[in-house]
Every structure is written in C-alpha cells, then in structure tokens.
Amino acid sequence: MAADTQTIEQVQALGDQYKYGFVTDIDVDLAPKGLNENIVRLISEKKQEPAWLLEWRLRAYRHWLKMPEPKWAKVEFPPLDYQDAYYYAAPKLTEAPKSLDEIDPKLLETYEKLGIPLKEQEVLAGVAVDAVFDSVSVATTYKAKLEQMGIIFCSISEAVQTHPELVRKYLGSVVPYSDNKHATLNSAVFTDGSFVYIPEGVRCPVELSTYFRINQENTGQFERTLIIADRGAYVSYLEGCTAPMRDEHQLHAAVVELVALDDAEIKYSTVQNWYPGDEEGRGGIYNFVTKRGACRGRNSKISWTQVETGSAITWKYPSCILQGDNSVGEFYSVAITNNRQQADTGTKMIHIGKNTTSRIIAKGIAAGRSDSTYRGLVRMQRGAQGARNYTQCDSLLIGDKCGAHTVPYIECGNPTAQVEHEATTSRISDDQLFYCLQRGLSSEDAVSLIVNGFCREVLQTLPMEFAVEAQKLVGISLEGSVG
Amino acid sequence: MSLLEIKGLHATVDGKEIIRGLNLKIQPGEVHAIMGPNGSGKSTLSYVLSGREGYEVTQGEAWLDIKHNLLEMSPDERARAGIFLGFQYPVEIPGVPAMTFLKTALNAHRAERGEDELDAMDFLKLVRQKAMDLGIGDDMLKRAVNVGFSGGEKKRSEILQMAILEPRLAILDETDSGLDIDALRVVADGINALRNEERGMLVITHYQRLLEYVVPDYVHILANGRIVRSGGKELALELEAKGYAEFLKAA
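Summarised in this report is the structure supplied together with it. (Residues numbered from 1 in each chain as written. Chains lettered and ligands numbered in written order. Predicted model: local features only at pLDDT ≥ 70, side-chain atom pairs only at ≥ 80, totals over all residues. Heavy atoms only, no water.)

1. Quick word on empty space enclosed by the protein
All names here are of chain A.
Step number 1: Scanning the entire structure with this criterion turns up nine cavities of 30 Å³ or more.
Step number 2: By volume, the second largest cavity amounts to about 140 Å³.
Step number 3: Along the walls of the second largest cavity sit 21 residues, with Lys363, Gly364, Ser372, Thr373 and Tyr374 positioned nearest its centre.
Step number 4: Listing elements by their share of the lining of the second largest cavity, those giving two or more residues are β13 (328-337), β14 (342-351), β15 (357-366), β16 (371-380), β17 (388-397) and β18 (403-412).
Step number 5: No other element matches β15, which puts five residues into the lining of the second largest cavity.
Step number 6: For the lining of the second largest cavity, a count of residues per class yields nine nonpolar, 10 polar and two charged. (1 Å grid on protein atoms, 1.4 Å probe; cavity = no way out; pocket = protein on both sides within 12 Å on 5 of 7 lines; lining within 4 Å. Points joined across faces, edges and corners; volume = space filled by probe spheres on them. Helix = DSSP H or I, 4+ residues; strand = E, 2+ residues; numbered from the N terminus. Nonpolar A, V, L, I, M, F, W, Y, C, P; charged D, E, K, R; others polar.)

2. A look at the sheet that holds strand β3 (residues 31-35) of chain B
Residues and elements named next belong to chain B.
Step number 1: Taking strand neighbours across the sheet as the criterion, the six strands line up as β6-β9-β10-β3-β11-β12 in an open arrangement whose pairing is mixed. Looking at strand neighbours, the two that pair on one side only are β6 (83-86) and β12 (226-231), the edges of this open sheet. Pairwise comparison of adjacent strand axes, ignoring direction, gives a mean angle of 20° for this sheet.
Step number 2: Bridge count for β3 against strand β10 (residues 200-205) is five bridges, and the pairing is parallel. Counted as the bridge partner of Ala33 is Val203 from β10.
Step number 3: Across the sheet, helix α9 (residues 234-242) lies against β3, β11 (218-223) and β12, angled at about 115° from β12, the strand it touches most. (Pairing = 2+ DSSP bridges. Axes fitted to C-alpha atoms, helices over the stretch in contact; angles between N-to-C directions. Contact = heavy atoms within 4.5 Å.)

3. Considerations on α9(B)
Residues and elements named next belong to chain B.
Step number 1: Restricting attention to buried positions, one finds in α9 the residues Leu235, Ala236 and Leu239. The buried residues of α9 all sit within an arc of 105° when viewed along its axis, so they share a single face. Facing away from the buried side of α9, by more than 90 degrees, are the exposed residues Glu234 and Ala241.
Step number 2: In the stretch just after α9, Gly243 is the one whose phi turns positive, near 85°. (Buried < 20%, exposed > 50% of the residue type's maximum accessible area, 1.4 Å probe, protein only. Arc of directions from axis to C-beta.)

4. Here's the deal with the pairing of strand β4 (residues 224-229) of chain A
Residues and elements named next belong to chain A.
Step number 1: Burial within β4 is extensive, with six of its six residues counted as buried.
Step number 2: The alternating pattern of β4 places Arg224, Leu226 and Ile228 and Thr225, Ile227 and Ala229 on opposite faces, both of which are buried.
Step number 3: Both strand β2 (residues 194-198) and β4 contribute to a ladder of four bridges, which runs parallel. Paired with Val196 across the strands is Ile227, a residue of β4.
Step number 4: Where β4 meets strand β7 (residues 255-260), six bridges bridge the pair, whose relative direction is parallel. In the strand pairing of β7, Ile228 is matched with Val259.

Below you can see the structure in the form of structure tokens.
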C-alpha cells in the first residue's frame with residue numbers, strides 16, 4: 001500500500017505540472033464545434049508550435065477545403081458533417097465515466113474474456129481514475145533506458161518542441177499534406193501521436209508501444225505518428241490494443257509515416273479494435289487511416305502487420321515505397337468483419353529501386369451482413385530491374401449474407417520484374433464445424449479455432465505478447481456469427 | 001444398465017427415410033459391430049447418434065448412460081457426454097496444429113467435468129505417451145489437423161484423439177477403409193488398447209477384415225435402415241461367405 005500511495009503522490013505531482021505546463025493564456029479548453037482557420041491556429045497555438053508548422057497546417061487546411069472525398073472504396077456511409085465535430089479539447093476535460101459501473105457491461109465482458117487486469121480495463125474504458133499510475137511509472141522507466149541509447153520516443157507534440165529539426169525534415173515527407181482528404185484533414189488538425197527516432201546502428205531493445213503512452217494523453221482521433229530508423233537501425237512498434245476502446249469521436253483519421261534509411265528495418269504491428277457499432281450498425285468508428293512507409297535506403301525493410309477487427313468502417317492501406325535498391329516491403333493482414341461492419345483494406349507496394357521485393361499476405365474474414373474488400377496495388381516502375389512481388393489473398397465467408405471482394409491492381413513497367421498474385425475464397429465448411437463440435441468444442445470455439453488456423457500465417461508475424469491476445473480477439477470478434 | 005439404448009429409431013436425410021425402426025442396446029464393456037451393404041444406413045446411424053445437422057430424427061429415442069437423452073442434445077454436448085465418432089474421412093483444418101486441436105478438445109471435456117485446464121507441460125507428457133503407442137511422432141502433431149496426412153496417418157490420428165478424450169462410447173465409422181494391412185494392425189491395436197469394462201464401442205464396417213483384429217462381442221447386420229440379424233462374431237464370417245444378398249431378402 002505504501003508504495004502505491006507513493007506512486008500516486010508522485011504522479012499527482014507530475015499531473016499538476018503537466019496541466020499547468022500545458023494550458024496557455026488562451027482561456028478555452030474546449031474549442032467550439034466546427035472547423036475553420038481559427039481552429040487550426042488555436043490548435044497550433046495551444047501546442048506552442050513554431051511558425052513553419054502552423055504554416056504547414058494552414059496549407060493543409062486550405063487544400064482540404066478544395067479536395068473531394070475519396071469515393072473509390074467499397075464502403076457506404078452518409079456524408080460526414082465536418083462542422084458538427086470538435087477539433088480541440090484539452091486533455092482530461094472531456095467527460096469521462098467515473099467508474100467501471102458506468103461502462104457498458106458488454107464491453108466489460110469482453111475485457112474479462114481477453115483476460116485484461118482490472119486497472120487496465122479502467123484505462124481502456126476511459127475511466128477517469130488513478131489506474132494509470134502503474135503504467136506511467138513503467139513508461140518512465142523505459143524512457144530513461146531508451147534515452148541512454150539515443151532513442152527518442154515521445155509524443156509528436158513533445159518532439160516538435162525538443163527535436164524540431166527532425167520533425168521538420170521528415171513530417172509529411174512520406175504522406176504529403178495534400179495526399180488525400182483524410183490525411184490532409186489530419187495534417188491540419190492533428191493533436192496527438194507518437195514520434196520515434198532510432199539513431200544509426202541502434203537496435204531498439206524493446207517493442208515500442210503506444211500502450212506505454214496511452215494514459216499520458218488522450219489517444220486522439222487525429223493521431224499522427226512518425227517513425228524514423230536511421231542507417232542500420234531496427235525498431236518494432238506496436239500500435240493499438242486488443243481490447244475494444246471506447247471513444248466518442250466517430251471519425252478517426254490517423255496518419256502514420258515510416259522512414260527507413262540504408263540497412264534499417266521497421267516492423268509496425270497494429271491491432272485495431274475500435275468500437276464497431278451495434279449489431280444493426282448504429283454507432284461505431286469510421287477508421288480512415290493513411291499509413292505509408294518509405295524504404296529510402298539500400299537494403300532497408302518495412303514490414304506491416306495488422307489485425308483489424310474493430311470500427312464500423314475501415315479504410316486503410318498501409319503501403320511501402322521501395323525506393324532503395326534491394327529494399328523489402330511486407331504486408332500481413334487479417335481483417336475481420338461481423339454484423340454490419342465494412343472493411344476496405346489492403347496495401348500499395350511501389351517498386352522503384354532495383355531488386356526490390358515485396359510480399360503481401362491478406363486474410364479477410366467476413367461474417368454477419370458485413371463486407372470485406374481487399375484492395376491492393378503492386379506497381380513495378382521502369383527502373384525496378386529484377387523486382388519481385390508475391391501476393392496471396394484469402395477470403396473466408398461465414399454465413400450467406402456477407403461479402404468478400406478482392407481488387408488487385410497490378411502495373412508492371414519493367415520487363416524483368418515479376419509479379420505473382422494468388423487469391424482464394426472459401427467458407428467454413430459444415431464438415432469442419434461438425435468435426436470440431438464432435439470433439440466437444442462449442443460452436444464459438446470451433447469457429448475461433450478454424451479462423452485462427454486460417455489466419456495463422458499472419459498472426460505468427462505478430463510479436464509474441466500481441467499474438468496470444470490477437471488469437472483470443474479473433475474468436476471474440478466472431479461471436480454470434482454461427483447459430 | 002445400458003450404456004447405449006436405441007429404441008424404434010427413424011431418421012431421414014433430405015426427406016428420405018434412411019433409418020427405419022432401429023433398436024440396439026450396448027452394455028458397458030461391449031464391442032458391437034455393424035455391417036451392411038452400401039446405402040444400408042450405417043454412416044447415417046453414426047451421424048444421427050452424434051447429432052450432425054441434416055440428419056433428422058422423426059421417431060424413436062436414444063439414451064446414453066440412461067441419463068443422457070441424446071436426441072435432445074447439441075453435437076458438442078453429446079461429445080462431452082462421451083460420444084466419440086471416429087470419422088471415415090477425417091476432416092482437414094488448415095493452420096491448426098494437431099496438438100492445439102487435441103488440447104482444445106481435451107480442455108473442453110475437462111471443463112464439462114469441472115476440472116481445470118491441463119497445463120502445457122502435463123498435456124505434452126500425456127499426448128507424447130499415447131502418440132508413441134500409435135507410432136505418431138512430434139512432427140505429425142505439429143502439422144495442421146489431417147492436412148497432408150496419409151490415409152493411415154489420418155486414422156491413427158483419430159484413434160489418438162479417442163485415446164486422449166476417453167469416451168464412454170466410441171463409434172468407429174469404417175475406420176478400416178483406406179488402410180493397408182500394416183496400418184490396419186496399428187489402428188486395431190490402438191482400438192483394442194482402449195477396450196475396457198466401462199467403455200462401449202460400435203464398429204461400423206463393410207468387411208470382416210477389421211473384425212479379425214478388433215474382435216466384437218456382437219455383430220449386427222443392417223439392411224434398409226434396420227437390423228435384420230444379430231449374432232456373435234461368427235456372423236461376420238457367415239456374411240463374408242454368403243454375401244449381403246441373402247440378408248437383404250430378409251429385410
């Protein structure tokens with residue numbers, strides 16, 4: 001108990017500093033609804049940003065006004081009302097439930113099944129309590145260790161203050177502010193996100209995770225993440241969390257940029273489980289994310305792994321620009337949709353350098369009345385001498401009211417490049433189900449087992465601690481999908 | 001007290017009546033063989049007892065251990081109550097290691113009995129011992145369930161599952177099909193090792209061959225959805241000599 005009290009006091013002290021350090025002379029903590037230039041200026045001012053960043057945000061905002069909504073994805077939703085949303089709220093001022101008693105029991109049941117400790121449950125459910133203290137101290141310990149190695153791991157707002165030269169050099173260098181409507185909006189109004197820099201020759205000894213930071217700030221709806229691996233560096237980054245996260249914002253438009261220089265490697269793993277809406281598709285997050293990595297250096301490598309089970313709509317194409325000769329891009333994906341969920345997800349592999357290689361393994365599972373689309377581009381540019389790609393897309397259907405679609409785009413501009421595409425669509429067979437039932441598995445366990453088998457190749461690429469949770473999540477996401 | 005009692009069973013598949021008034025009693029410790037020509041309803045009987053969807057019981061009853069009214073239970077409930085079906089064509093489950101499958105199944109049974117899950121080490125010990133007896137190596141346990149297994153491997157794997165799950169009643173549906181003589185002997189040895197005073201077995205087969213190794217206490221001849229003749233193990237030999245035609249007339 002004594003230790004606990006001590007921690008609580010320490011963190012309370014920290015919290016105060018944070019609060020007062022943050023609030024500037026402007027007296028608003030919740031900006032009015034709607035989006036205009038003043039809101040963009042307010043955000044920048046609140047964050048005490050340098051002039052160049054404000055300029056960049058404004059350029060993005062002005063460009064955004066003129067941009068059309070992307071329409072090519074196979075998803076349907078009513079037009080977004082950008083004026084009916086808040087773009088800035090000071091941390092901790094948003095209304096939070098006081099205790100777990102106020103949380104949807106269904107959500108708690110899911111936490112229980114995932115085996116999440118009570119304190120973490122509170123954090124995930126957004127309860128405004130001191131449950132954060134343990135992880136804050138853990139995070140602090142790690143941070144000190146990483147700093148000794150020259151690794152920078154902090155929020156992007158902090159990085160703007162402490163390492164402006166790095167942020168300025170790389171921000172928007174992979175996903176320019178004019179990229180697409182959602183990314184452009186993010187560029188104008190992002191308020192949060194992670195920044196990672198791994199110096200030359202350093203191998204980051206731990207899996208970096210937003211999870212360490214989750215309590216320090218609200219995970220925003222406009223997250224912006226920037227990760228740079230300098231020459232010969234290595235980092236594995238975990239984003240998200242297997243537990244369903246509660247959030248009041250409907251639109252999430254995050255941007256993630258990765259930069260790998262010569263001989264560097266970045267492994268980026270995501271487990272996305274935002275609120276998917278209810279069984280009839282009411283509510284739920286629109287997850288419109290732009291993720292892109294640039295293999296700038298020779299022999300560099302970027303590997304994306306994603307397990308997407310949440311959100312009402314997922315619109316997401318983590319991509320690799322394979323610029324450096326011999327660079328490698330990988331995309332491993334599991335996308336599970338149930339009830340009324342819609343997912344349009346895939347990747348882009350842009351081969352520019354010689355002997356670049358890419359590998360795409362995408363597994364889509366659709367149940368209920370959901371729709372799952374794989375959309376992927378493999379482009380071999382003229383200079384991509386000897387480049388190779390291998391793509392495998394497998395879809396699994398559960399029930400007869402869902403849809404699975406595969407939309408590959410293949411462009412080959414170099415005669416020595418090789419592109420392979422394989423795709424299958426199948427159903428969970430009655431034979432498989434009955435076989436499992438006959439061995440004593442409940443139908444939910446049977447579906448979970450079969451689907452986990454179907455996704456195994458992808459789940460295996462996840463870091464160990466994530467993989468175990470992801471397996472459970474696969475089962476939970478499909479609950480109620482078979483009679 | 002009967003281990004299994006089937007009374008006046010009628011069942012249809014796609015509206016067609018396949019089982020037409022079947023009665024059968026199995027006491028603990030007994031091995032019964034059911035023989036019959038193609039289409040006589042042998043496999044249908046095994047699916048009806050294990051509760052496969054699409055096999056509709058229109059009349060009759062089936063009780064396990066007196067207390068379990070099988071026909072009112074879901075397939076997984078029946079399995080956990082002690083019904084094991086050795087499949088004629090074991091099903092492939094890609095990506096699921098055989099070991100994982102076994103462990104999940106065993107833990108489902110243990111949970112039913114109110115026991116804790118077996119931890120990884122204890123489970124490994126249990127499986128290795130039983131697998132060795134059946135000539136199943138670690139390599140096979142790591143492969144996905146039945147994927148790329150030879151005919152013999154599939155059937156040995158079925159027997160291993162049975163050995164791990166220790167059912168009350170094992171229904172073995174044409175376990176001898178697709179086996180060469182050596183594999184047949186291994187599988188038969190595995191089955192015999194599981195015979196005991198408590199457990200019952202219902203061995204479904206076309207041929208007398210399997211019954212040379214797994215010697216039944218009773219043999220029943222199934223024709224047109226009913227048992228037309230019952231007898232001791234010598235009935236199988238008689239059948240082998242005369243063929244089914246003789247008995248079909250009786251049906």
